[in-house]
Amino acid sequence: MIIGDALKIMVELPAWSVDLIYVDEAYDDLDKARSIGTTTRLKESNGSNRKWYEVISYSKIIPLYARLLKKGHHLYQWRPSINMDSVRNWCKLIDPDFGLLAESGFTVAKVLPGEKSFTGMGYSFRSKHECLLFSILSIKNKVQLNDLSLPDIINEKWVNPRSGERIHDSQKPTEVARKIIECSSKEDDLVLEPFAGSMQAAQANGLFNMNRKVIGIEKDRAIAELTISYFKDHNIPLDVIDSLKWQ
C-alpha cells in the first residue's frame, strides 16, 4: 500500500508497466446524483457520519490508466447502477465516459452488473446493483481472458453496510476481485489498484495465494489505517510505504 495521492503517484510510475487495473473510483456520476438528491454523502452533510470521497474527473484518470497499462491488457472500473440515462447512452455509445475511454485507446468489452446483497441509494427505486465496466487497451493486441466460462452477472455476497464488518463505505466483494485477477492476469503480473480503500485486489491476492504483485494507492490515512489493521489481523502480507518514500 502506498499512502498518498493516486493522481500524483500514477504520473511517476513507469509507462506500460501494469498488467491489470482494478479500480473503484469516486466517479463523476456522483455529482449528478447529488444534484437530484439521490445521495447526501458526497461531502460533509447532515446525512453522513463521515466525509465522502473527493470526486475525481474521468478526464484526469483515464489517460493515466492508458499510460500505465500494457497494450491489450484489461481495465475494470466499478460504475454506478444502470438507469434510464446510462442505458440510453451506453447503448448508443455516446456516453461521455465511453468517449474518454475511446480517446485513450480503450474498447469497452462488457458491462457486468453486480447484484448487491442489500438495497443501496436511489431516487425513485432503491439501487440493488452496481456495474463493473470491462475495457481493453488496444483491442488489436488484446489479451484473451484466462476463463471464458464466467457469467456476465456478478452475484457474489456483498458486505452489508450495517453489519460493522466493512472497512470502507463502498467496499466490494473480495471474491469479485479474486475472479477478475484470475481471469485477466497470471502469476507474477503487476496489478494496480488506485483509490484502493480496503484494497480488495490485494486482499484477494493474499487470501487466495494468487502470487501477483499488487500496488494499492490510498490517500485517506484514516481508511489506510483501518485497512492496515485488517490485513494484520487476518495475516495478509502488506508493505506500507509513505508517498514521500514510495519510489
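What you are looking at is a predicted structure, and each value in this text was computed from that prediction instead of being measured. (Residues numbered from 1 in each chain as written. Predicted model: local features only at pLDDT ≥ 70, side-chain atom pairs only at ≥ 80, totals over all residues. Heavy atoms only, no water.)

**Q** Can you walk me through the overall build of the chain in this structure?
**A** The helix and strand tally for the chain stands at eight helices and eight strands. Looking at the chain as a whole, 47% of its 247 residues qualify as buried. The long-range fraction of contacts in the chain, counting pairs at least 24 apart against all pairs at least 6 apart in sequence, stands at 75%. For the chain, the computed accessible surface area is about 13,000 Å², with 52% contributed by carbon and sulfur atoms. (Helix = DSSP H or I, 4+ residues; strand = E, 2+ residues; numbered from the N terminus. Buried < 20%, exposed > 50% of the residue type's maximum accessible area, 1.4 Å probe, protein only. Contact = heavy atoms within 4.5 Å. Areas by Shrake-Rupley, 256 points an atom, 1.4 Å probe, with all protein chains shown as cover.)

**Q** Any chance you could explain the nonpolar core here in plain terms?
**A** Proteins that are soluble and globular tend to have nonpolar side chains buried together. Ranked by size, the top nonpolar core spans 27 residues in total, and within it M10, I21, Y65, L75, F106, L192 and F195 carry the most contacts. For this core, the elements supplying multiple residues, two or more each, are helix 1 (6–12), strand 2 (18–23), helix 3 (58–68), strand 3 (69–79), helix 5 (96–103), strand 5 (129–137) and strand 6 (190–193). At seven residues, the largest contribution of residues to this core is made by helix 3. Counting 19 residues, the second-largest nonpolar core is a separate cluster that includes F118, F134, W158 and A204. (Core = buried A, V, L, I, M, F, W, Y, C linked by side-chain atoms within 4.5 Å.)

**Q** Which parts of the structure should I look at to understand the sheet that holds strand 3?
**A** Backbone-to-backbone hydrogen bonds join strands into a sheet, with any given pair of strands oriented parallel or antiparallel. Strand order in the open sheet made by the eight strands is 4-5-3-2-6-7-1-8, with mixed pairing throughout. At either end of the open sheet lies a strand with only one pairing partner, and these are strand 4 (106–115) and strand 8 (241–242). When strand 1 (residues 2–3) meets strand 7 (residues 213–218), the two strands line up parallel, connected through two bridges. Residue pairing for strand 7: I2 is matched across the bridge by I217. Where helix 3 meets the sheet, it contacts strand 2, strand 3, strand 4, strand 5 and strand 6, and its direction lies at approximately 145 degrees from that of strand 3. Along the sheet, helix 7 (residues 200–207) contacts strand 2, strand 6 and strand 7; its crossing angle with strand 6, the most-contacted strand, is approximately 140 degrees. (Pairing = 2+ DSSP bridges. Axes fitted to C-alpha atoms, helices over the stretch in contact; angles between N-to-C directions.)

**Q** I tried to follow helix 6 (residues 174–184) on my own but got confused; where do I start?
**A** Most of helix 6 sits out of view: eight of its 11 residues are buried. Inspection of helix 6 places T174, V176, A177, R178, I180, I181, C183 and S184 among the buried residues, and these make up the whole buried set. Structurally, helix 6 contributes buried residues whose contacts are with strand 2, strand 3, strand 5 and helix 7.

**Q** Help me understand helix 8 (residues 221–233), please; the structure alone is not making it clear to me.
**A** Turn by turn, an α-helix covers 3.6 residues, leaving residues three or four places apart pointing in a common direction. Helix length check: helix 8, at 13 residues, gives a terminal C-alpha distance of 18 Å against a target of 18 Å (1.5 Å per residue), a fit within 8%. Buried residues of helix 8: I223, A224, T227 and F231, and no others. Angular distribution of buried residues about the axis of helix 8 spans 100 degrees; they occupy a single face of the element. Turned more than 90 degrees away from the buried face of helix 8 sit A222, K232 and D233, all of them exposed. The elements touched by buried residues of helix 8 are strand 1, helix 7 and strand 7. Two or three places before A222, at the start of helix 8, stands the capping residue D220, its side-chain oxygen 2.9 Å from that residue's backbone nitrogen. After helix 8 finishes, the residue N235 shows a positive phi value of roughly 55 degrees. (Expected span 1.5 Å × (residues − 1). Arc of directions from axis to C-beta. Polar contact = N/O pair within 3.5 Å; in protein donor to acceptor, adjacent residues only side chain to side chain.)

Honestly, it's all geometry; don't read function into it.
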